[in-house]
Amino acid sequence: MRIKISIAKRSAAAPAPWDGAAGGVDGGKRTFTPWNFISELFYRISRGKVKAVKAEDVNPETTLNTYLRDKVHLTGTKRMCLEGGCGSCVVAVEDVVNGQKLIFAVNSCLVSIFSCHGWKIHTIEGIGGPTTQYHPIQKLLAENNGTQCGFCSSGMVMNMFALHESGPVTKKQLENSFSGNLCRCTGYRPILSAFKKLASDAEEKVPSNDIEDIVSCHNGNCVEPCKEICEKKNKAGFFYKLRDTKWMKVYQLKDLLELLRNLGTNTYLLVAGNTARGIYRRTEIPNTYIDVTSVTELTSYSVEKETLILGGNVTLNKAIDIFRRTSEKNPGFAYMSQMAEHIDLVANVPVRNIGTLAGNLMTKHDHNEFPSDIFLLLETFEAQLVIVDSAEREISISPKDFLKTDMNKRVIKSIILKQYDSTYKFVSYKIMPRAQNTPAVLNAGFLFKLNGNAVESARIVYGAINPNFIHASNTENFLKSHNLFDNVVLKQAYQILESELDPDYVLPDSRPEFRKLLAISLFYKFILSVAPDDLVSPRNKSGRCLLKRPVSKGVQEFGTNKKKYPLSEPVIKLEALVQTSGQAQYIADIPDLPNQLFAAFVTAKAPASSRILKVDTSNAFRVSGVVAYFSKDDIPGENNFMPKFNIFTVQEEIFCSGVVQYYHQPIGIIVADNHDVAVAAAELVEVSYSTPTHKPLLTTRDVLRAGATDRIHHETTVLPVRRDNDIKHVIKGNFNIDMQYHFHMEVQCCNVVPTEDGLDMHPSTQWMDLCQIAASSALAIPMNRCILRSTCPATGGGFGAKISRNTLVSTAAALAAYKLRKPVKMWMPLEANMNVIGKRYPFYVEYDVGVNENGVIQYLEADLYSNYGVGGNENITSLTTDVFQNCYDIDTWTFSIYRVKTDMHANTWARAPGSMESLGAIESIMEHIAYSIGVDASDVKMANINGTKHPKILEFWKEMQTKADIKARKQSIELYNKANRWKKRGISLVPMAWTLEVTANYTVWVSIFHGDGTVLVSHGGIEMGQGINTKKVAQVCAYKFGIPLEKVAVGPSYNVISPNSSTTGGSLTSEAVCYALIKACDTLLKRLEPIRKKMKNPTWKDLIEQCFNSNVQLGASGFYSEDEPGIQEYLIYGVCATEVKVDILTGQLQILRVDIIEDVGNSMSPLIDIGQVEGAFVMGIGYYTTEEIIFSDEGEILTNRTWNYKVPGAKDIPIDFRISFPQNNPNPVGVLKSKAIAEPPICLSCAIPLAIRNALASARTESDPSKPKWYPFDGPSTVENTLLNTLNNYNQYVL
Ligand SMILES: Cc1cc2nc3c(=O)[nH]c(=O)nc-3n(C[C@H](O)[C@H](O)[C@H](O)COP(=O)(O)OP(=O)(O)OC[C@H]3O[C@@H](n4cnc5c(N)ncnc54)[C@H](O)[C@@H]3O)c2cc1C
Ligand code: FES
Ligand code: FES
């Protein structure tokens, strides 16, 4: 859908009564109802006292999030997207409405601080923590391994807190309530498992005393502290007069209308939930904000004369509740239960808690292209909107007419819904790119009145066709008095529908042909669902409903060795409670220092190859608080954030040096005294450009088509040993998969503090050494003047994006801090982060394979292209080469690897770079072979496997057959697909051999403190959620010293202690750090030994004290490098079986069951390793099914928000997710017999698109037997891609 930036204001005509007053308390002439001026608003944070916010310190655009974090310094509440899409900012609000206490979750990034007057706000710090007592929900999440990087944890806890405080919920309701909380690390399973213990129908519940603890304050009445705050509430309207604007709070409709009448020339904005700003950014500040959330007439509802009347500003969740209850009480309103189901798919719980019906309708009114679900439902049901103007005149109009109504100084007062008897048939649909919390790619509502089978009236309403399309009027008219359940009539109806549907094509929206097909398919689905049973063929009944998802579950199987505890013990992360209680400090949480400044990139808004002609910063400098602008000319050293060392050879400019290399390339930074000011002012920098010299080439296909061979660099070719001749089939094709944004929840950021002779840098990086080199080279200062520290306990996720890309941010911030001699913090808003920073390499393969009748490859020729963008520093050739071979016999294979230069940002390593894409490619080729020759894909894979080199894969493969009951399930799938035309199931089995490369070095320092014998470790790796601190460092250290785990702590990584350490990535770091740690521990143990011998069975503490007294050095370092004895590459194996169900009429997907056997050697920390497998696989689900980066022709990224870039949510994960680690599976060359874990499992997720193809094979044959069962692998299997590949057309849509 189109996102336009709008000016959210309406203007009025006459001067307002208080205008002209020279400020001061209600300085205006009051010619109407007296309004109280108040200078403070009141709120209470959790257990704290009632507090007052001075109105002059904030403005209505100040969000609760900004206030909590920047003014009250409660940084446990996080922020990321600032648009209600990620949930990291969720807090719980307590309010007393009509004497009843309500607790609900809100997105603090959307709520204006002025809306908080009278609220009690529960923050993560307020509900529990180390100094009070951890809240049971905080403990639950921690103890169930529900955190990795921890950035999402406070939002998760607060959402659960609000949910639980609102009354009992079932597991199903609970699982349904996390659509607004994204987690990129865990894969949700452990989070849901933890919280489901609080469900009313939980099998395994939390101990009862814990539950009481949670509900003790849930008494439904206004308790003392609430009363205190209630008294601060004022039932008379009041206003805050601010510097440039006013905030008016009204309680009665007549006051609101009077206010509108007297507004004068002031611009104004009605504020209800204030959530629409999450979709359409507000760019202008109105003169007056009018808070309508407490206007009784707008927020109440009633049933009168067979109608339901809802106040315009009833919230969406309240509407759901009203619809459910009303539908139960009155058969004429039975249809409302379906409306409730539909609204349950709108946004997410925190948004729906405060977002209102009127706010949604006005968003549609102002932006006709917005696919409003509320508008769709109300228009389908012939609702009447009661609009009242400032003269108190009311009109009642249809939603459709409302869109054409001038709403200036008008209010949506109420919505009237009538009853329908059983002759009416109704269904509505919302088809989304993922299960929840995303706008519709298409929505539809059907309401038919039937007389027998004949149509008396028809309403067919669609959203997301084009901004003006509402009704399929021609189809509606045609169907009147026709028999709805006659195939001939239906065929004519489809034809008419097809001809009147006119979908527009506005990127990044889905393609018109898809939306048209989907619209017709949904109409067919409706017909099937309302048709009498005996008229629908049994096979076609499968098209009647959408996919229904049960509550998800998981199984985790692993072995441990108690004798070695804490090694191999399933412990929770060291940092878990710190994270779940909001104590974890990320870069943006570091308290601001005196004179703190903030920086934001100014980026090029022009296609690659445009030349910068002029940069005019004057408008930016007019903004109060702007301090400086720096560009390439201000860099004392090299304008390069990837200085040439080691493997890096390509210059990557910090700021554009003249010719734009990619759309949104940074050209400078604005520095200001506030983050929001810096971001806003950066947009005001005016840059003029020359015309670009060429149209951007963005994909490998663009480059190949353009014949731009100078952009293609040949990296390597693997040659065959032989070519076999039993060629029965030749299969040619290509494989194409696009990029993936890492979606680390903590965006790229850095805090730099100048010291007397250098810089103290706190980057959110996976590679301290590189940040240090880059800053020193850009500033031309020695490296020993750049001190670096990582955050502790964790970086808020990285997934590869912070290996090299953080250097851009940290170097820019370092430049500003160095130049201004002031601390500079820089965190990139999500859009900037997605615009500027490169992503996973898009991958394109052309192949030509000859096989025998069993699918054994006789020859394979393939060209593999990775799209590096403008980069070229982060090579993935060896990873691609290794994993493309997988576990197969490659003697007859020839393949070449190429690096392609395109006009987009420099792409970068992303979890399993090269290997993820190449495993997908080779598995896709194997399955293409299978479908082409009519042999089962598993048999083709087994026929090509190199069992001599990879016996383990044969072992795992066999185990999978029994563990996952493959044979029986394949049979059941076949039967199911035969019996069902419009739902298909499919399965795919993927084997994996993944090579661990060992090139890196790390230093570890271990300190033992003589006072109490505790141990502190610092290492050169970076903890970013993968559990390095717990798994390797603490568990191994405790094991080596024979002390309890609690005695070991891990401090921040620090370049003074661990100089020159390699990046944390490639799955290697945990093992390597562990290796170095063991060496350090051995050194210390050797030093302790003589003293130990002199003592009689000393305790650890006594031993250490004695050593100290004997002048034994109690600190030691260890070092890992690839040159260490015994270090060698090894293979990691895995097998995955994935079963899916696809709705053939919509393209929607359910992952029914996933079984993974993962080779972790002897796991050192099974829970941590399970978390890595689950999290990685779910990240892979996103890559292969929902995540798409779409560019404009100019090269601008159009999917750079949570609104349009879709990572998997809690209901996208496998319904049944089973992970198993083979037991007694030592890795002879691994550290402590273990294997690495972080990356390989993500590669196994290619089983999903292949299982989808397996499901579609049956549908394609039924649609058109002349077409191949296989369809090319081109981009992720989104609903769009899947539906378009079903080969559906409406001629098949019979009863
Ligand atoms: C993350 C996210 C996901 C979303 N997903 C969906 C989705 O899938 N489907 C969907 O349909 N919607 C979706 N929405 C939109 C959501 O439903 C709206 O943001 C919400 O309903 C707006 O209500 P509000 O009270 O917050 O409006 P506000 O933001 O307070 O106001 C919006 C506009 O309405 C005006 N207004 C408010 N009340 C009145 C009134 N009584 N009379 C006249 N004008 C009034 C305001 O002046 C303003 O112009 C999503 C929103 C977010 C943030
Ligand atoms: S920061 Fe508020 S929802 Fe993302
Ligand atoms: S733990 Fe959820 S985003 Fe990292």
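Residues numbered from 1 in each chain as written. Chains lettered and ligands numbered in written order. Predicted model: local features only at pLDDT ≥ 70, side-chain atom pairs only at ≥ 80, totals over all residues. Heavy atoms only, no water.

Named according to an unreviewed UniProt entry, the protein is Indole-3-acetaldehyde oxidase originating from Aromia moschata. Here the protein is described in UniProt, under the heading Subcellular location (unreviewed entry), as follows: "Peroxisome". (UniProt positions renumbered as here; feature names shortened; annotations may be inferred.)

**A short note on the overall build of the protein**
A count of helices and strands for the protein gives 39 helices and 43 strands. Relative to the compact-globule value of 34 Å for 1295 residues, the protein shows a C-alpha radius of gyration of 31 Å, a close match. The proportion of buried residues among the 1295 residues of the protein is 64%. Intrachain contacts of the protein at a sequence separation of at least 6 include 77% that bridge at least 24 residues. With an accessible surface of roughly 44,100 Å², the protein has 50% of that area assigned to carbon and sulfur atoms. Here the protein contributes 137 positive and 135 negative side-chain charges, whose respective centroids are spaced 3 Å apart. (Helix = DSSP H or I, 4+ residues; strand = E, 2+ residues; numbered from the N terminus. Rg over C-alpha atoms; globule rule 2.2 N^0.38 Å. Buried < 20%, exposed > 50% of the residue type's maximum accessible area, 1.4 Å probe, protein only. Contact = heavy atoms within 4.5 Å. Areas by Shrake-Rupley, 256 points an atom, 1.4 Å probe, with all protein chains shown as cover. Lys, Arg positive; Asp, Glu negative; His and termini not counted. Charge placed at Lys NZ, Arg CZ, Asp CG, Glu CD.)

**Some words on the side chain of N443**
Along the chain, N443 falls in strand β18 (residues 442-451). At 3.1 Å, the side chain of N443 and the backbone oxygen of P371 are in polar contact. At a separation of 2.9 Å, a polar atom in the side chain of N443 contacts the side chain of D373. If near-sequence neighbours (up to four positions away) are discounted, N443 is found in contact with P371, S372, D373, L376, Y429, K430, V461, Y462, G463 and A464. (Polar contact = N/O pair within 3.5 Å; in protein donor to acceptor, adjacent residues only side chain to side chain.)

**Examining the nonpolar core**
With 245 residues, the main nonpolar core has F448, Y462, F523 and F1041 as its most contacted residues. Considering every element that reaches this core, the biggest residue donor is helix α34 (residues 1069-1094), with 13 residues. Among the nonpolar cores identified, the runner-up in size contains 50 residues, and Y662, L815, V824 and V836 belong to it. (Core = buried A, V, L, I, M, F, W, Y, C linked by side-chain atoms within 4.5 Å.)

**Details of empty space enclosed by the protein**
Inspection of the entire model under this criterion finds 10 cavities of 30 Å³ or more. Taken as a whole, the largest cavity encloses approximately 130 Å³ of empty space. Along the walls of the largest cavity sit 16 residues, with F641, E652, E653, Y662 and A906 positioned nearest its centre. Split by residue class, the lining of the largest cavity holds 8 nonpolar, 5 polar and 3 charged. (1 Å grid on protein atoms, 1.4 Å probe; cavity = no way out; pocket = protein on both sides within 12 Å on 5 of 7 lines; lining within 4 Å. Points joined across faces, edges and corners; volume = space filled by probe spheres on them. Nonpolar A, V, L, I, M, F, W, Y, C, P; charged D, E, K, R; others polar.)

**Considering the environment of A682**
Position of A682 relative to the elements: it lies in helix α22 (residues 675-684). Measuring from C-alpha to C-alpha, the distance between A682 and M407 comes to 34 Å, with 275 residues separating the pair along the chain. Beyond its immediate stretch of four places on either side in the chain, A682 contacts A600, F601, V602 and I670.

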